[in-house]
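# Observations on the model geometry
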Amino acid sequence: MSSLREGPATVVRREDYAAPAYWIDTVDLCFDLDPAKTRVLNKMRLRRNPVVPAQALRLDGEELNVARVLVNGAGCSFKIDGNQLVLESLPEGHEPFDLEIFTICVPEKNTQLMGLYVSQGTFFTQCEAEGFRRITYFLDRPDVMASYTVTLRADKSKYPVLLSNGNLVDEGPLPDGRHFAKWVDPHKKPCYLFALVAGQLVAREQHIISRSGGKHQLQVYVRPGDMDKTEHAMNSLIASVAWDEARFGLPLDLERFMIVATSDFNMGAMENKGLNIFNTKYVLANAATATDTDFANIESVVGHEYFHNWTGNRVTCRDWFQLSLKEGLTVFRDQEFSMDLCAEPSARAVKRIEDVRVLRTAQFPEDAGPMAHPVRPDSYAEINNFYTVTVYEKGAEVVRMMQTLVGRDGFAAGMKLYFERHDGQAVTCDDFAQAIADANPDSDLARLLPQFKRWYSQAGTPHVQAEGVYDADARSYTLTLSQSCLPTPGQALKEPFVIPVSLGLLSADGQQLPLQLAHWTHAEEGSRTLVLTQASESFTFVNLDSAPVPSLLRGFSAPVVLECHYTDAQLLTLLASDPDPFNRWEAGQRLALRRALLAILNEGPVTTEPLDGAFIGAMREVLRHPQLDAAFKELVLTLPSETYIAEQLAEVDPQRVHAVREAMREQLASALQDDWVWAFETHKDNGAYKPDPIGTGRRALAGLALGMLCVAARHTGDAVWPGKAYQHFKNASNMTDRFNALSALVVSEHALAREALTRFHALFRDEALVLDKWFALQAGAPDRNGNVLPAVRKLMTHPDFNIKNPNRARSVIFSYCSANPGAFHRTDAAGYLFWSERVMELDAFNPQVAARLARALDRWKKLAEPYRGAAREAIARVAAKPDLSNDVREVVTRALA
Ligand code: ARG
Ligand code: ZN
C-alpha cells in the first residue's frame, strides 16, 4: 500500500484480473517477536498454476529486509523490483517446491498500523487488504489460499499470551526467559485473514454447545484492567453464533473463537479466521463508561465480524474489486441480526430508520461526489480508499433488494446454494447474485438478473419521480414512476435499474385501502412491491372511492431518492397514520426538510420562525402519542441533519444551513416547552440500567427533551433547566444519561458546561474511550463567534491528546472537520487551513487515517463562495505536497478533477 511515495501511483483495473501464476499450498511461519527487530521465517510449498503460462514468481513485500532465500533448501538468486521479490530460475514442471524466505521487520516503527505493529506493548497484526506483505514476502491477493502453521516465540514475561489463527497444538518454555506457542489453522485461508497477537492480556471465557451439538470455546481478550467491560461483547458473540445457525443454518466451524481488543486500530474490527481483532471501541462496555449507542454498535460489530466467518472467510473474494461480496452481504447480515434480536416490530423499524439515515447522510453524498464508485468498483489507486459506505452500506441495500425480490425463505435458499457451490473458493459478486437467482428460478430476480446487476456496475443514486392521477369516474388511481440517474465520474450515461417499490394507499383520513391493480382479480390488504424496470412505467389501481394518499418506498425498499409532490396535508396524514413506521418517520422528515429549504432559499436574513403551527402541532401529536415508542418519537422529533439538508441544495451556504436548522431547533424547543417537560419527567427514570430497545428509547427521548429544554432556557435566560441538567449529570447512574446531560449543557453553552466538563474529565481520566467522547463533544460544539477552532487547536495540546492514536485523532480532528459544519466552514477559511495541515501531518505516519480526513472536503464543488474557492485552494495545497501517500493522492486528485 501506501509507502510507495515515488512516482505516480499505478491504477489497478478490474478488467485486468488474471489468475495467479503460482499457488501457495502451505505456509509455515516462525516469528521471533521483538519490537525493534522481529525475525520472520516463512517456509512455503508452492506449485505453478498449470493454466497460466510459465513465468517468474513475483512476491509482494514492503518495508522488509531480506536475509535469506532458499529454494528446495538451496540458496538461489533473486532480485528486488520495487515492492516485489522476483525469482526467475525456479524448478521447471508442475511439481511442488519449497521456498524459504527469512526477513526482518520493525514493528515499533510501524505507525500506519498495517502489518505487524505494537500497541501499548502488545503485538497486533492487520493484514486486510494488503498488510500481509509488510510481514513477509507473499502472493498477497485473496485468491491464493493456503494452510497455515504458525510458531510464535517471545519473551515470556512481556508477552505471556501468544495467539494466532486456529488451534493451539504446542507450547512451552525456551531458554533466556522466552517461550513459544504453535498454532495450526484447520481451514485454508487467504493471507489477509492471518493474525497474531502477543502481549499481556486476560480473557473472559465461555464454553458453549451449539444447536448442532458442537462444543466451542469463546474468548474475549483485553488488557487486565478492562475485564469488567467484556460481558456485553461475550453475550453478543454468543447471540451471533446462535443467530447464524438459526437463520441461515451456518454453524461455527472452529473449536476456539477469539476476539482481542486493541486501542490502536485504523478501522472498526477485523474478521481474521478464529482470531478477530477489534478496536476497543467495539468491545469494551459497561453501564458507567459506555452509552446505549456504544452497546448497540458493539452488538452489531461483534455480529458483523462473526458473520464474516462464512461470508468472507469460508467463501472469500476473488480480488479486491469484489469487496462488497463479503462486506455488503455481511453488513446486510449484521443489520438483520440486530433487527431479529428486537422483540417488538417497532424496534425493528427504529433500527431500519437508523440504518437508512446513515446511508442517506454518508453514502448518498459519496455517490454524488468526486469519489463516487460502483458497489463493485472498476479501478483504484489504493484499495484502502474503497472501504466505503458505498461498498458496505449501499452493498447491503443491494443484497436487501435481492431478499425483497425473492422473499425471506427464497433468500435463505439462495444462501444455501451459494455455499454448496462456493465453499472454500474465492469468488465474485456475479457468483453470489447468480446463486440467489438460481435458487429462485421463478422470481423477478431470476427474470431480471442482468439488469438487476447494474446495481453492482453503475455508480450514483437513482432518483424516482412519482406522479399520481385519480380518475373519479373510473374510480382508478394511476401512479407513474420514472427513474433517472445523474452522471458520475467515468460514467456519463446510466441504464435503468431494477427498483423494488413497496407501497400502500391510504385514504385522506388515514385508513389503509385495499390494493388492486387493474388486471388483478381481487384486492390485497396492506403493502405490495412493484418492480420498476423501465425509465418510466404506470400502474393503475382500481376500485377507489376517492383520491388516495400514496405511501411509497415503504421500509425504504430501494436506495433511491424518491421525489413525490406531496401536499402538506398528505404528509400530515402519513405522519399521523401510515402503518409503515419508516414512511411515517419519513413524512415528518419531509415536512421538516420542506420548511428548512424554504427558509434557506428565501432572500434576506434567516427567519427566527421557520416553523408553522401545523408542523409544530404534528410534532406535539407524535411526542404525546399514547401508543408510539419513545425510540420512534425521538427519531421523528430529531430534525434532518445539516449534511442531509445540504445535499438537497444545488449550492450550499453552510452557515445559512446551520443558522436555519438552529432556528428550527430553537423554535421547536420553545413552542413545545411544556411537552418537553412532560417527556423528560415521564422518561427519565428507568430503574436498573439495561441497554435494550425500550430502555434505550426512553433514555434517548429523555436526553432529547433535556437538550431542548436547555436550548429553550438559553433564550429565556431561565436557569432551572440547566441546573437540572447539571444535577442529572452529577447523579446519573449510567453513561448515556450522564453524557446526554453534559451535552445538553455544552450545546446550549450554559456557564455550567465548563464545570461539568472538568468534572467529567476528572471522573474518567483513565478511561480512554470516555475521554474520546469528552474530546469529541468539545470539537463538535456549536460555534457562536468562531470559538470552536481555537478550542480545537487547544485540545490538540492537551496532555491526553495523541494524534498517533486513531480514535483520539478522530475524536478531535474528525469531529471538527467532518461532524461540525457550522464551525468548520468559516468565511476566513481557517477551518480549511486546519484541515490541510492535519491531512499532511497524519499522512506522514498513517496514510489510511489521513485519506479518510481528506474526504471531509469531498463536496467542495457544491459550496457557495467564499467557501468554494477557499476549499479548492486548501485541497490544492495538499495536492501540491510532493511526497503524499497513494491514499491521500488518490482522494485529492479525484477531488480536483
Ligand atoms: N474487513 C473489515 C470489516 O469487517 C475491515 C478491514 C478493513 N481494513 C483496512 N485496513 N482497510 O469490515
Ligand atoms: Zn466487514
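Quick caveat: nothing in here was measured; it's all calculated off a predicted structure.

The rules behind these values
Residues numbered from 1 in each chain as written. Chains lettered and ligands numbered in written order. Predicted model: local features only at pLDDT ≥ 70, side-chain atom pairs only at ≥ 80, totals over all residues. UniProt positions renumbered as here; feature names shortened; annotations may be inferred. Helix = DSSP H or I, 4+ residues; strand = E, 2+ residues; numbered from the N terminus. Axes fitted to C-alpha atoms, helices over the stretch in contact; angles between N-to-C directions. Parallel < 35°, antiparallel > 145°, perpendicular 65-115°, else oblique. Left-handed = near helix turned anticlockwise from the far one by under 90°. Contact = placed C-beta atoms within 7 Å. Nonpolar A, V, L, I, M, F, W, Y, C, P; charged D, E, K, R; others polar. Core = buried A, V, L, I, M, F, W, Y, C linked by C-beta atoms within 7 Å. Buried ≥ 20, exposed ≤ 12 C-beta atoms within 10 Å, placed from the backbone. Near = placed C-beta within 6 Å. Pairing = 2+ DSSP bridges.

## Details of the UniProt feature "domain: Peptidase M1 membrane alanine aminopeptidase" (unreviewed entry) in the protein
Summarizing the sequence annotation, UniProt attributes the feature "domain: Peptidase M1 membrane alanine aminopeptidase" (unreviewed entry) to residues 233-448 in the numbering used throughout. End C-alpha atoms of residues 233-448 are separated by 41 Å, and the span's content is 57% helix alongside 9% strand.

## Let's talk about the packing of helix α16 (residues 693-716) against helix α18 (residues 735-747)
The geometry of α16 relative to α18 is characterised by a closest axis approach of 8 Å and an angle of 20 degrees between their N-to-C directions. It follows from the interaxial angle that α16 and α18 lie roughly parallel. Judged by the sense of rotation from one axis to the other, the crossing of α16 with α18 is right-handed. Where α16 abuts α18, its residues Arg 699, Gly 703, Leu 706, Gly 707 and Cys 710 lie against Thr 736, Asp 737, Asn 740, Ala 741, Ser 743, Ala 744, Leu 745 and Val 747. Partitioning the contact of α16 with α18 into residue classes produces six nonpolar, five polar and two charged.

## Here's the deal with the nonpolar core
Of all hydrophobic cores here, the largest spans 261 residues; its most connected members are Val 260 and Leu 745. Excluding its chain neighbours within four sequence positions, the residues that come into contact with Leu 745 are Cys 710, Pro 722, Ala 725, Tyr 726, Phe 729, His 750, Leu 752, Ala 753 and Ala 756.

## Quick word on the site of ligand 1
Close contacts around ligand 1 come from 14 residues, with Glu 128, Met 267, Met 270, Asn 384 and Tyr 387 the closest. Counting residues per element, the ones that place at least two in the shell around ligand 1 are β21 (269-270) and α2 (292-307). A per-class count over the shell around ligand 1 returns five nonpolar, five polar and four charged.

## Notes on the sheet that holds strand β18 (residues 202-209)
Spatially, the five strands line up as an open sheet ordered β18-β19-β20-β22-β21, and their pairing is mixed. Only two strands of the sheet have a single neighbouring strand rather than two, namely β18 and β21. Alignment of strand β19 (residues 215-222) against strand β20 (residues 256-262), held across five bridges, turns out to be parallel. Residue pairing in the sheet places Gln 219 in a bridge with Met 258 of β20.

## A short note on the pairing of strand β15 (residues 178-184)
Note that strand β12 (residues 145-155) and β15 share seven bridges and pair antiparallel. Bridging across to β15, Thr 151 finds its partner in Lys 182. Relative to β15, strand β14 (residues 167-173) runs antiparallel, the two sharing six bridges. For Asp 170, the partnering residue across the bridge sits in β15 and is Lys 182.

## Some details on the pairing of strand β32 (residues 549-552)
Because side chains alternate across β32, one face comprises the buried residues Val 549 and Ser 551, and the other comprises Pro 550 and Leu 552, equally buried. Relative to β32, strand β28 (residues 499-506) is paired through four bridges, and the arrangement is antiparallel. Its bridge partner lying in β32, Leu 503 is registered against Leu 552.

## Looking at the UniProt feature "domain: Peptidase M1 alanyl aminopeptidase C-terminal" (unreviewed entry) in the protein
Per the UniProt entry, the sites bearing "domain: Peptidase M1 alanyl aminopeptidase C-terminal" (unreviewed entry) are residues 568-897 in this numbering. Across residues 568-897, helical content stands at 69% and strand content at 0%; the span's end C-alpha atoms are separated by 41 Å.

## Digging into the sheet that holds strand β27 (residues 476-484)
Strand order in the open sheet formed by four strands is β31-β27-β26-β33, and the pairing between neighbours is mixed. Where the open sheet ends on each side, the last strands, each with one partner, are β31 (536-541) and β33 (561-564). Direction aside, neighbouring strands of the sheet carry axes that sit 20 degrees apart on average. Inspection of the sheet shows β27 paired to β31 by six bridges, in the antiparallel sense. Residue Thr 480 lies in a different strand from β31, and its bridge partner there is Ser 538.

## Quick word on the environment of Val 350
Structurally, Val 350 is set in helix α4 (residues 345-368). In this structure, the C-alpha to C-alpha distance between Val 350 and Ala 631, residues 281 residues apart in sequence, is 6.9 Å.

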